[in-house]
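So the chains spell out like this:
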Amino acid sequence: MNCARYFYLLFHLPLIFATSPLLGQGQAFPNHNSQLVSASHQAMGTIFTVYLYADSPKSAATYFDVAFGEIDRLDATLSNYRSTSELSRINRLAGRSPVTTDPEVFTFLQRAMGYSLQSDGAFDMTVGSLMRAWGFFRGEGRYPDTQELKRARGAIGWQHVVLDAKERTVRFTISGIELDPGGIGKGYAVERVAELLREAGVRSGMINAGSSTIYGLGAPPGTKGWTVHVPRPGHDRESLSTVMLRDQALSTSGSYEKFFRLNGTTYCHIMDPRTGLPVQAMLQTTVITPSATDSDALSTAIFVLGPDRGKKLLDSYPKTGALWLQGKDPYASKTISWHWPGDLNSSGKRVREFWQATMR
Amino acid sequence: MMNRREFLGATAGTLAASALSPAMAASDRVNLGVIGPGSRGQGVMRTFLRVPGVRFTALCDVYEPRFAEARKITGEQTPVYKDFRQMLDRKDIDAIMVATPLSFHEEHVIAALESGRHVYGEKDMAKTVAACDRVYQSVKKTGKLYQLGTQYHYAPWFMQALERIRAGKLGDITHIYAYWHRNNDWRRPVPDPHDQALERLINWRMYRQYSGGLLAELGTHQILFATEVFGSIPESAIGTGGIDYWKDGRETCDNVQVTYRFPGGKTMFFSSITTNRFVGMQIQVFGTGGSIILTEGGGTAYYELASQNSAVPQKLVVERGITTTASFRAEMPYRGPGEPLKIPDDQQGSPDFLACQSFIDCIRNNRRPGADELLGWNSGVTVALGNQAVDTGQKIVFAEHAKLPV
């Protein structure tokens, strides 16, 4: 089992046990108690799972419809895999003339460019052509030829995206620019779903976008927050840290999600936009912030920047903590933390013990 | 229970038809007002704001929380109204988007047209045949533009399918099977589930007073397409349906099946269920030369295997005989991978965006919308009479109920 798979199970197994597999259409749960329920939905190339406490199967179904309806709406708006999305329309046309877009998409792009500015380009939505060159768009990666890489490097750069707030337009100053929502779209979707569920009256829930971005809305009854384990890559049965999320988001970026090996070198899917190459010698970063959009973008940015410059970036975000797992080898990696709210398991906590404790 | 007066707001006003708007330049700003910025209305608002030069200058709803939601979409403190008549008194509105419950379409669309505004009217045109007649007549009388808010009419793959069908590439189209299958209760959350008035306002699709149910809210897209393929409204309809699974107080069916017979024996079958989404949204067009499958995201054409006659020399068969074998290839049902409908780059776009862009383009260039009042009337009466077939269990003959007004 690889780490990503393990991480997935870590989140899902206890809840599979805790919830009924099929909910009937009765008016309330037995004993009229609020019950933890979950449902999953495929979108944005991943699986979104929402957990929440509801009074009845009917209200739970309605909350899930709200959540997954919003995720589908955002997928249809921001996907670069769908030719009909608003982002694809911008990618097709903004190299030729300014493209008017709606306030939501415009604000989303402003936020994205803000992360680029603050991170000196370590986070950059324009990495789309690089992702294609390195074979990570609809693929598992490959080494690009020199000309292809040169072309791709010539078609990136957030500075080439001009946002005109007065006219609400997007324009690319060079051709070939391609906005890729990969480092921010899922986080934004989680943030929006949390907002909508809160507005709909949900007081306790967790939104999990493929385990890479997770938001804890309130806390399960009688607890301080939603328990989330940060894995130690390469060590299937160990967690690096355990944290409790309460009205907080957590995002993890890792070199083990999508990668290929060539001549002993591992090339991961997270690009350093400044060099045009996959980031090396970083295994994993995790960020906790109040906003899921922030945590998604920042976990990518600090993965590229590393701990020294990453800490300076995070300094401008209040209530934020981070973890870096630095190194090429999972068995000889170095852990660096910054305002991290959980304990670090230096020797690794046995997951089996965790399971036993949870199931008791 | 929400009544009509409550929905419309307390203040009544006199409607006065204002002067028609002069022609606009392509770059001119187009100001829109919206009546009913609820769930669907907000989605269409977002899309309109992607068209250059569009601005919402007024919002109208009877449910106050919609104002903040809609203002979040416009990004400004757009003026708000609880009475649509007061909104129509404004001088800075070029066109109105109507996205209210179906039973109010007639009144809101006609009032907007008679105030001198063009109308983007969410589907369906109106709830009854008589109401569709009146909307159609109002469009003709005022000379304003009316576009039915049915985005799939503008989907590039729907348009390409129609082109292929009209060019005869699928032979003679004899049947259309269409589905909109979902696996949920089709409800929207109500902040206070015990407030029945609020329940009826937010989940109006569940109540017969306001809604035409699944056939109107989902089937209109496919029914409109069938009337375009067959070039007319049906001759008759039979239907069935019921509240068989979601017994939660709703009044509209949780599943419906309607079969329409068009002139020449052409047939359309439509089904909508809420307990399984395996087929999702689909239109299957069957012709003597091939088929096209259309979905929300694209289309694929399949062509029938050629069946040709040829003269066979007698000695090859009669004198030599034939050889038996274990399988007979011609019986294999394999239809091949199909040919995806490819959309050129310059025609790409989401159906919603293309529909909104086209409406604004029509206003600026005094051009008639593609999904105009005629297509609106065609699909509107087909839905209304389909629902009548479901309700009565009787075969409904269209000639006895619907005639295009002159």
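Given the structure is predicted, the values throughout are model-derived calculations rather than measurements.

What counts and how
Residues numbered from 1 in each chain as written. Chains lettered and ligands numbered in written order. Predicted model: local features only at pLDDT ≥ 70, side-chain atom pairs only at ≥ 80, totals over all residues. Heavy atoms only, no water. Contact = heavy atoms within 4.5 Å. Buried area = accessible area lost by both parts, 1.4 Å probe. Salt bridge = Lys/Arg side-chain N within 4 Å of Asp/Glu carboxyl O. Polar contact = N/O pair within 3.5 Å; in protein donor to acceptor, adjacent residues only side chain to side chain. Helix = DSSP H or I, 4+ residues; strand = E, 2+ residues; numbered from the N terminus. Nonpolar A, V, L, I, M, F, W, Y, C, P; charged D, E, K, R; others polar. Buried < 20%, exposed > 50% of the residue type's maximum accessible area, 1.4 Å probe, protein only. Pairing = 2+ DSSP bridges. Expected span 1.5 Å × (residues − 1). pLDDT = per-residue confidence, 0-100.

**With respect to the interface of chain A and chain B**
Alright, step 1. Facing the 21 residues of chain A at the interface are 24 residues of chain B.
Alright, step 2. Buried surface at the junction of chain A and chain B, summed over both partners, amounts to about 1,900 Å²; 50% is from carbon and sulfur atoms.
Alright, step 3. Applying the counting rule to chain A against chain B returns four salt bridges.
Alright, step 4. The salt bridge partner of Arg-46 of chain B is Glu-104 of chain A, with a shortest N-O separation of 3.3 Å.
Alright, step 5. Taken together, the links from chain A to chain B amount to five residue pairs in polar contact (both at pLDDT 80 or more).
Alright, step 6. Mapped onto the side of chain A that touches chain B, the elements with two or more residues apiece are helix H2 (57-78), helix H3 (86-93), helix H4 (103-118) and helix H7 (185-200) of chain A.
Alright, step 7. Considering every element that reaches the side of chain A that touches chain B, the biggest residue donor is H2 of chain A, with six residues.
Alright, step 8. Per-class residue counts for the side of chain A that touches chain B are three nonpolar, seven polar and eleven charged.

**What to know about the side chain of Gln-151 of chain B**
Residues and elements named next belong to chain B.
Alright, step 1. Inspection of the secondary structure assignment puts Gln-151 in the loop between strand S6 (146-149) and helix H7 (156-166).
Alright, step 2. Overall, Gln-151 belongs to the buried group, its relative accessible area being 9%.
Alright, step 3. Residues in contact with Gln-151, not counting those within four places in the same chain, are Arg-40, His-221, Pro-351, Asp-352 and Ala-355.

**What about the pairing of S6 of chain B?**
Residues and elements named next belong to chain B.
Alright, step 1. Burial along S6 is two-sided: the residues Tyr-146 and Leu-148 and Gln-147 and Gly-149 are all buried.
Alright, step 2. With four bridges connecting them, strand S5 (residues 118-122) and S6 associate as parallel partners. Bridging from a neighbouring strand, Val-119 pairs with Tyr-146 of S6.

**Quick look at helix H6 (residues 129-142) of chain B**
Helical periodicity: at 3.6 residues per turn, an α-helix aligns residues three or four positions apart in one direction.
Residue and element names in this part refer to chain B.
Alright, step 1. The terminal C-alpha atoms of H6, which comprises 14 residues, lie 20 Å apart, in line with the 20 Å expected from a rise of 1.5 Å per residue.
Alright, step 2. Turning to H6, its buried residues are Val-129, Ala-131, Cys-132, Asp-133, Val-135, Tyr-136, Ser-138, Val-139 and Thr-142.
Alright, step 3. One or two residues past the end of H6 sits Gly-143, with phi positive at roughly 75°.

**Topic: the side chain of Arg-192 of chain A**
Alright, step 1. In this structure, Arg-192 of chain A sits in helix H7.
Alright, step 2. Looking at Arg-192 of chain A, its side chain comes within polar contact range of the side chain of Glu-195 of chain A, at 2.8 Å.
Alright, step 3. Setting aside residues up to four positions removed in sequence, Arg-192 of chain A forms contacts with Glu-70, Arg-73, Leu-74 and Glu-104 of chain A together with Lys-72 of chain B.

**Concerning unusual backbone geometry**
Alright, step 1. A cis geometry characterises the amide bond from Lys-123 of chain B onward to Asp-124 of chain B, with omega recorded as 5°.
Alright, step 2. Despite not being glycine, Met-44 of chain A shows a phi value in the positive range, around 55°.
Alright, step 3. With respect to the element layout, Met-44 of chain A can be found in the loop between strand S1 (35-43) and strand S2 (46-54).
Alright, step 4. For Asp-247 of chain A, which is not a glycine, the phi torsion comes out positive at approximately 50°.
Alright, step 5. Among the structural elements, Asp-247 of chain A can be located in the loop between strand S9 (238-245) and strand S10 (248-254).
Alright, step 6. Asp-247 of chain A sits in the partly exposed class, given a relative accessible area of 35%.

**Structural notes on the confidence of the model for chain B**
Close inspection of predicted coordinates is inappropriate in any region flagged by low pLDDT.
Residues and elements named next belong to chain B.
Alright, step 1. For chain B, the average pLDDT comes to 89, and 86% of its residues sit at 70 or higher.
Alright, step 2. Scored below 50 in pLDDT, residues 1-22 shows 46 contacts in the model against residues more than four places distant or in partner chains.
Alright, step 3. In this model, residues 328-333 is a region of pLDDT below 50 whose contacts with residues beyond four sequence positions or in other chains number zero contacts.
Alright, step 4. Confidence estimates for the predicted assembly give a pTM of 0.79 and an ipTM of 0.71.

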